[in-house]
Amino acid sequence: MGRKILLDKINVPGIKTYEVYRREGGYASVEKALKKMTPDEVVEEVKTSGLRGRGGAGFPAGMKWSFIDKKSGNPRHLVCNADESEPGTFKDRFLMEYIPHLLIEGMITSSYALGANLSYIYIRGEYMWVYKILERAIAEAKAAGWLGKNILGSGYDLELFVQIGGGAYICGEETALIESLEGNRGNPRLKPPFPAVKGLWQNPTVVNNVETIAAVPWIINNSGTDYAAIGIGRSTGTKLISASGNIKNQGVFEIELGVSVYEFMNSDEYCGGMQTDRPLKALVPGGSSVPILPANLIYKTAAGEDRLMTYESLSDGGFATGSMLGSGGFIVYDDRACIVRNTWNFSRFYHHESCGQCTPCREGTGWLEKVLHRIENGHGREEDIELLWSIQSKIEGNTICPLGDAASWPVAAAIRHFKEEFEYHIRFPEKVKNRDHFVAEPFEKMGHLVAKQEI
């Protein structure tokens, strides 16, 4: 049984409420930080822990905190990115819905470390019921004296507010989030300057993910060294994984980083294996924006080593044979899945969510969707595969924010690992016009037709 840090108390009856959360040891990290530690000591503890951003990028949280501008004398802000919109990811919603005070506690402790007196939780517009849960939790915390003026007689003041987004995926990018929080259209900003220098209202700002901030109380209550002892290498601590697809156990799981992909997939503690006796075909390990992996590269790396649930192991081999841990959106496909249809569905999402600021993304995502739709619906042309490759390569790395990369990587990986499936769609259009074309006849049984035609 893996160690639980974030979900340890999740099943305690009434843990949503302040009374029960406090009884179970809640807000102890705030007491310790405000009474026994300086802000810099809290930052150093988080740096020692090796905690990395859990929103997708995996940047060391303590290092990010240390970048905040303290010399200007301007007010500082902590903003929690709760705009969880990555397809396949639902871990942050789970935390906020079932143990909201853990996030509130993390926000107070982290805000103290940064010297922030005004902080925000920016939540996805579709999470309205979760917004109400957070508002209730903040009111409870404030009534108990954990927010407001002179918290615990320490002289530290903090006001915390929840802001609802408008339902735009692009606002998961930190500068677009800041623009939206200021009341503007959620367009990403050019960097530099980075938010740590000029963020919210041009003040020094740190933006961290829900899961990242929720890990801070445990680190302060125990130690950064204890946290760093969990996991493996630079992948320290635990990670929440949103598991979905053709597996027996779907849901949110907390793992110690370093568990093998095989164990996570097949252990009864986690995914419990495949849902039926259909074979494993592919895996998206970190949300829709990361490269898809074929069956032969899921449990083992190209070098033959066990594939682990870590930032380093999942990316082993680069995009040629690896992927990314990303946001932890773990999507499993059996042999009934159509990779072309799945890729088109992802591309449709990114086209819809592009803010339109950068031409390669604004135009390119639409082209990707159009060509993939054509192939999936039996109207593909032989040159379409090369066209897709060309389009995605011209989007990647040529946009202000990573949405362009997020749109191009799934397409590139699908072609790289499942090119024959694209060819099958183009050469046998009558076989793919039924959207469930691989349910009765999985591609693995039909792929030989592509090879025969080439002969």
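Residues numbered from 1 in each chain as written. Predicted model: local features only at pLDDT ≥ 70, side-chain atom pairs only at ≥ 80, totals over all residues. Heavy atoms only, no water.

Core analysis: the largest hydrophobic core is formed by 65 residues, its most contacted members being Ile 104 and Ile 121. Ignoring anything within four residues of it in the chain, the contact list for Ile 104 reads Tyr 27, Ile 121, Leu 134, Ala 137, Ile 138, Ala 141 and Leu 160. (Core = buried A, V, L, I, M, F, W, Y, C linked by side-chain atoms within 4.5 Å. Buried < 20%, exposed > 50% of the residue type's maximum accessible area, 1.4 Å probe, protein only. Contact = heavy atoms within 4.5 Å.)

Each α-helix winds once per 3.6 residues, and so residues spaced three or four apart point in a common direction. With 12 residues, helix α16 (residues 384-395) should cover 16 Å at 1.5 Å per step; its first-to-last C-alpha distance of 17 Å lies within 8% of that length. Looking at α16, one finds that the buried residues are Asp 384, Ile 385, Leu 388, Ile 391, Gln 392 and Ile 395. Taken down its axis, α16 places every buried residue within 125 degrees of arc, on the same side. Across α16 from its buried face, at more than 90 degrees, point the exposed residues Glu 386 and Lys 394. Contact partners of the buried residues in α16: α15 (359-376) and α17 (403-427). Note on α16: the residue one or two positions beyond its end, Gly 397, has a positive phi of about 75 degrees. (Helix = DSSP H or I, 4+ residues; strand = E, 2+ residues; numbered from the N terminus. Expected span 1.5 Å × (residues − 1). Arc of directions from axis to C-beta.)

Another aspect to go through is the packing of aromatic side chains. Counted by the stated rule, this structure contains 21 aromatic pairs. Taking the centre distance of 5.7 Å and the plane angle of 70 degrees together, the rings of Tyr 127 and Trp 129 count as edge-to-face. Taken together, a centroid distance of 5.4 Å and an interplanar angle of 35 degrees make the contact between Tyr 424 and Phe 428 tilted. Ring pairing ties together the aromatic residues Tyr 18, Tyr 21, Tyr 27 and Trp 146, which thus form one cluster. When the ring centre of Tyr 311 is taken as origin, the NZ or CZ atom of Arg 52, which lies over that ring, is 4.1 Å away. (Phe/Tyr/Trp six-rings, centres within 6.5 Å; stacked < 30°, edge-to-face > 60°. Lys NZ or Arg CZ within 6 Å of the ring centre and 35° of its normal.)

All right, on to empty space enclosed by the protein then. Throughout the structure, instances matching the rule amount to two cavities of 30 Å³ or more. By volume, the largest cavity amounts to about 80 Å³. Residue lining of the largest cavity: 13 residues in total, with Ile 170, Cys 355, Cys 358, Cys 361 and Cys 401 positioned closest to the centre. Residue composition of the lining of the largest cavity, by class: eight nonpolar, five polar and no charged. Each pocket or cavity is described by its volume, and for the second largest cavity that value is around 40 Å³. Val 284, Ser 288, Val 290, Ile 292, Asn 342, Thr 343, Phe 346, Pro 410 and Ala 414 are the residues that line the second largest cavity. Elements represented by at least two residues in the lining of the second largest cavity include exactly α14 (339-353) and α17. Considering every element that reaches the lining of the second largest cavity, the biggest residue donor is α14, with three residues. For the lining of the second largest cavity, a count of residues per class yields six nonpolar, three polar and no charged. (1 Å grid on protein atoms, 1.4 Å probe; cavity = no way out; pocket = protein on both sides within 12 Å on 5 of 7 lines; lining within 4 Å. Points joined across faces, edges and corners; volume = space filled by probe spheres on them. Nonpolar A, V, L, I, M, F, W, Y, C, P; charged D, E, K, R; others polar.)

Attention shifts here to unusual backbone geometry. The amide bond that connects Lys 191 to the next residue, Pro 192, takes the cis arrangement and shows omega of 0 degrees. Mapped onto the elements, Pro 192 comes out in the loop between α8 (174-181) and β4 (205-209). Residue Pro 193 is bonded to the preceding Pro 192 through a cis peptide linkage, with omega at 0 degrees. The residue Pro 193 is located in the loop between α8 and β4 in this model.

In spatial order, the strands read β3-β2-β1-β4; together these four strands make up an open sheet with parallel pairing. Edge strands, defined here as strands with exactly one partner in the open sheet, are β3 (159-164) and β4. Here the average twist between neighbouring strands, direction ignored, is 20 degrees. As judged from the five bridges shared by strand β1 (residues 77-82) and β4, these two strands associate in the parallel manner. (Pairing = 2+ DSSP bridges. Axes fitted to C-alpha atoms, helices over the stretch in contact; angles between N-to-C directions.)

Honestly, it's all geometry; don't read function into it.
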